[in-house]
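Structure at a glance
Spelled out, the chains give:
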Amino acid sequence: MVSKEAEASKFDISFSSTFISKKVYKQLLDEFNQFHRHDVNALLHFWTTGLGVWGAIMLALNYDMDVLVYIYAATIALTTPLLTGFLHTALVAAFMYIPQLHVNAVPLELENLHICAIAIAVGYLAQDLVHFVCQEKTFMNSYIGKNPPKLLVHSIYLMPLVIDGVLERSLYLPWLVTRNRNFIIPVASQESVDTLRKWIHENIAYVNETTHVWPHKQDETSAPVKKLEDDAAVYASFRKIFAEKHFDIKPIQGMNEIYITATGAKKAITSDAVFYTPHVDGPYFWTPWASCYRCLVGVTPNKMVQTKFNLQHKSEDQVLGMYDCLGFDYNRELHWISHVEGAKNDERRSVIKLHYVVYPRGWHWYGNLVAKLNQNYNTWARGNFLRTLNPSGLYEHGLAWWIWFTTWFNAFFVEYFGWDNLFYIGFCYALGPLPFLILTSFRHYAVYMSTFAFRSRPVAHGYLMRDAKLYKTIALCHLGRRLLPLVMLPRDLPGLCLAVAGFGITMLATARLGFVRTYFGSELGFVEPKWIEGFPYGYIPHPMIVGQLFAYSSILWWWSSDINFETTALIATHMSLYTIHMVQEMLTSSY
């Protein structure tokens, strides 16, 4: 008897299935993808496989066996889907005919044969390392003991297989879109909320400052909080954001607390004032691929206090009701609380603060490290916080002011610049003048176009506007640095007027739309579609982009004899990308 698994892995090889329907390749691709579900594995596989294939092609060329490379490229082109075959052929051609990619261009004092052998070996070993890091088994291990000849087919088709892996993920362009990673859902363990509400009512006195209780220090609260930690609805919400194939999730019990609001008027400068000030809870924004999440569970009815998120659209502001769970990134999400005008609670607002660490699947040591860092910081900050709830003396008053000031400064920086952008800009600058110019001049187009193209999932609208405005400002600074020294008045007044007129049309169009609609507020579902009237709308088609194109064209025309090639190419690239984005909007707009 032949097992179903073996039957499924058999290839129906015929002329039709190989060259017409491409069924043989598609079956191989289906099997291959089962072992490359992790997005990072698929991405790094493209580079490791590319290195190995480059080494094999250079080896063939080194021994004047060009015909083998042609046969290989033709075989792939004829037996894979059209786009896959085209891209693979282009890659092989680049390896063969671009001098900078030839083995002779490698700056190593080694024989070509040795360089090729090293490339093949490193490519192979790096693939296995990537599988280990991503916690995925290798495709080869699934068949090598049962069907060794399949290794030849696997090796021949490996490059097109990884090309298809990149294509299936839309060239990883969705990674450029900043998603809203917050969630709010009703918890499934509602009886635990009822138990905690009763305990708070019976055990926590009414005082004029917030009360903080560590739930796992007493049996009466530890058990219901543990049930909430393991709540199925909470984990389901996490999995909508963090796929199981990519991430592990576990609670951080040492950070959990029960929070009971103060009674009486809000004080001006104590640590309680931080809650009413835009703030980020933790400092570990720089831990890559990992997040610490704070999940607030409403224990009492609430209609007065709302949580606002500065870098989300205002429609994402949440009034946390009883049984609701609001989750957000402890180290990255800028937020604060305010009172809903005219609303009043009949009971002290109480919430459970649950915490979780999200980390790459299988990287338990890293998850434990991130959890420990956040827990230690939380304990330290909690001590300072409690010390300044009711400050007395110069030191405690100074500490309260320091907490408030550092909170305000960090919030200001995050809202208008962002630590991730600071690292990106610093990295680009370290690469040298030309990479810095390119990577910071056109980043906002990547933000525009990727967000517009992949807008099906929730987008963090505030992050979109912040990043787009930041990188557009940097791009204009690059242009201004090159163009302003060329302006001589009154000689260049006509050209200056033309450029200002073009940019003025863009600014007026932005004012007509408002920032929310300018940055795809209607297409993203944050505001209702609205017909815009008034110049330039109704007179100039796509005035926001056309105004820019007019301004740049005027600059190129008026200062044509003064602008060098680099600046001309810079302006032409801006115009090309604006045109591409305009066509994208025309062809794929929701309205």
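In short, a report on the structure. The structure displayed is predicted, hence computed values, not measured ones. (Residues numbered from 1 in each chain as written. Predicted model: local features only at pLDDT ≥ 70, side-chain atom pairs only at ≥ 80, totals over all residues. Heavy atoms only, no water.)

Here the focus is the overall build of the chain. A tally of regular secondary structure across the chain gives 21 helices and nine strands. Split into buried and exposed, the 591 residues of the chain put 47% on the buried side. Accessible surface computed for the chain: about 30,400 Å², of which carbon and sulfur atoms make up 66%. Averaging the coordinates of the 48 positive side-chain charges in the chain and doing the same for the 47 negative ones gives two points 3 Å apart. (Helix = DSSP H or I, 4+ residues; strand = E, 2+ residues; numbered from the N terminus. Buried < 20%, exposed > 50% of the residue type's maximum accessible area, 1.4 Å probe, protein only. Areas by Shrake-Rupley, 256 points an atom, 1.4 Å probe, with all protein chains shown as cover. Lys, Arg positive; Asp, Glu negative; His and termini not counted. Charge placed at Lys NZ, Arg CZ, Asp CG, Glu CD.)

As a further point, take unusual backbone geometry. Residue P490 is bonded to the preceding L489 through a cis peptide linkage, with omega at 5°. Positionally, P490 belongs in the loop between α17 (461-483) and α18 (493-513). In this structure, P536 follows F535 across a cis peptide bond, with omega equal to 10°. Along the polypeptide, P536 turns up in the loop between α19 (515-518) and α20 (543-558). Despite not being glycine, Y323 has its phi angle at roughly 80°, a positive value.

Taking 1.5 Å per residue as the helical rise, helix α9 (residues 190-203) with its 14 residues ought to reach 20 Å, and the 20 Å between its terminal C-alpha atoms agrees with that figure. Here α9 has its buried residues at S192, V193, L196, W199 and I200. Buried residues along α9 cover an arc of 125° about the axis, so they all sit on one side. Away from its buried face by more than 90 degrees, α9 exposes K198, H201 and E202. As for α9, its buried residues are in contact with β2 (211-213), α10 (219-229), β4 (257-260), β5 (291-298) and β9 (350-360). (Expected span 1.5 Å × (residues − 1). Arc of directions from axis to C-beta. Contact = heavy atoms within 4.5 Å.)

A few words now on a nonpolar patch on the surface. A cluster of nonpolar side chains, namely Y63, M65, V67, L68, Y70, I71, Y97 and L113, defines an oily patch on the protein surface of about 810 Å² accessible area. On the secondary structure map, Y70 appears in helix α5 (residues 66-79). (Patch = residues over 30% accessible without salt bridge, like charges linked within 9 Å, V, L, I, M, F, W, Y side chains within 5 Å. Salt bridge = Lys/Arg side-chain N within 4 Å of Asp/Glu carboxyl O.)

Opposite charge on two side chains permits them to pair, given that their charged atoms come into close proximity. The full count for this structure, using the stated rule, is 13 salt bridges. A salt bridge links E347 to R197; the nearest nitrogen and oxygen atoms lie 2.7 Å apart. Residue E347 is found in the loop between β8 (335-339) and β9, and its partner R197 is found in helix α9; the two are separated by 150 residues along the sequence. Given the relative accessible area of 24%, E347 is considered partly exposed. Taking the shortest distance from any N to any O, the salt bridge between K308 and D317 comes out at 3.3 Å. Overlapping salt bridges, with partners in common, bring together R181, D329 and R332 in one network.

According to the stated counting rule, one finds 43 aromatic pairs in the structure shown. Ring geometry for F15 versus F19: centroids 5.2 Å apart, planes at 35°, classification tilted. In this pair, F15 and F19 both sit in helix α2 (residues 15-20), four residues apart, roughly one turn of the helix. A relative accessible area of 35% means that F19 is categorised as partly exposed. The ring of Y424 carries R443 above its face, with NZ or CZ at 4.5 Å from the centroid. (Phe/Tyr/Trp six-rings, centres within 6.5 Å; stacked < 30°, edge-to-face > 60°. Lys NZ or Arg CZ within 6 Å of the ring centre and 35° of its normal.)

Let us now look at the side chain of N256. If you trace the backbone, N256 turns up in the loop between β3 (247-251) and β4. Residue N256 is classed as buried on the basis of its relative accessible area of 2%. Within the structure, N256 has its side chain in polar contact with the side chain of E229 (distance 2.6 Å). A polar side-chain atom of N256 sits 2.9 Å from the main-chain amide nitrogen of H355. For N256, the contacting residues outside a window of four places in its chain are W214, P215, H216, V225, E229, K353, L354, H355 and R382. (Polar contact = N/O pair within 3.5 Å; in protein donor to acceptor, adjacent residues only side chain to side chain.)

To continue, consider the environment of V130. Position of V130 among the secondary structure elements: in helix α7 (residues 112-133). Sequence-wise, V130 and L44 are 86 residues apart; in three dimensions their C-alpha atoms are separated by 7.1 Å. With residues near it in sequence (within four places) discarded, V130 still touches N41 and L44.

A word on the pairing of β5. Most of β5 is tucked away: eight of the eight residues are buried. Neither face of β5 is left uncovered, since the one carrying S291, Y293, C295 and V297 and the one carrying C292, R294, L296 and G298 both have all their residues buried. Across eight bridges, β5 lies against β9 in antiparallel orientation. Within β9, the position partnered with R294 by the bridge is H355. Inspection of the sheet shows β5 paired to strand β7 (residues 324-329) by five bridges, in the antiparallel sense. Residue pairing for β7: C295 is matched across the bridge by G327. (Pairing = 2+ DSSP bridges.)

It is worth spelling out the packing of α17 against helix α21 (residues 565-588) at this point. The geometry of α17 relative to α21 is characterised by a closest axis approach of 10 Å and an angle of 150° between their N-to-C directions. Handedness of the crossing formed by α17 with α21: left-handed. Two secondary-structure elements touch here, α17 through K472, A475, L479, R482 and L483 and α21 through E566, T567, L570, I571, H574 and Y578. Split into classes, the residues belonging to the contact of α17 with α21 amount to six nonpolar, two polar and three charged. (Axes fitted to C-alpha atoms, helices over the stretch in contact; angles between N-to-C directions. Left-handed = near helix turned anticlockwise from the far one by under 90°. Nonpolar A, V, L, I, M, F, W, Y, C, P; charged D, E, K, R; others polar.)

Now for helix α3 (residues 23-33). For α3, the tally of buried residues reaches eight of 11 residues, placing the bulk of the element in the interior. Among all positions in α3, only V24, Y25, Q27, L28, L29, E31, F32 and N33 are buried.

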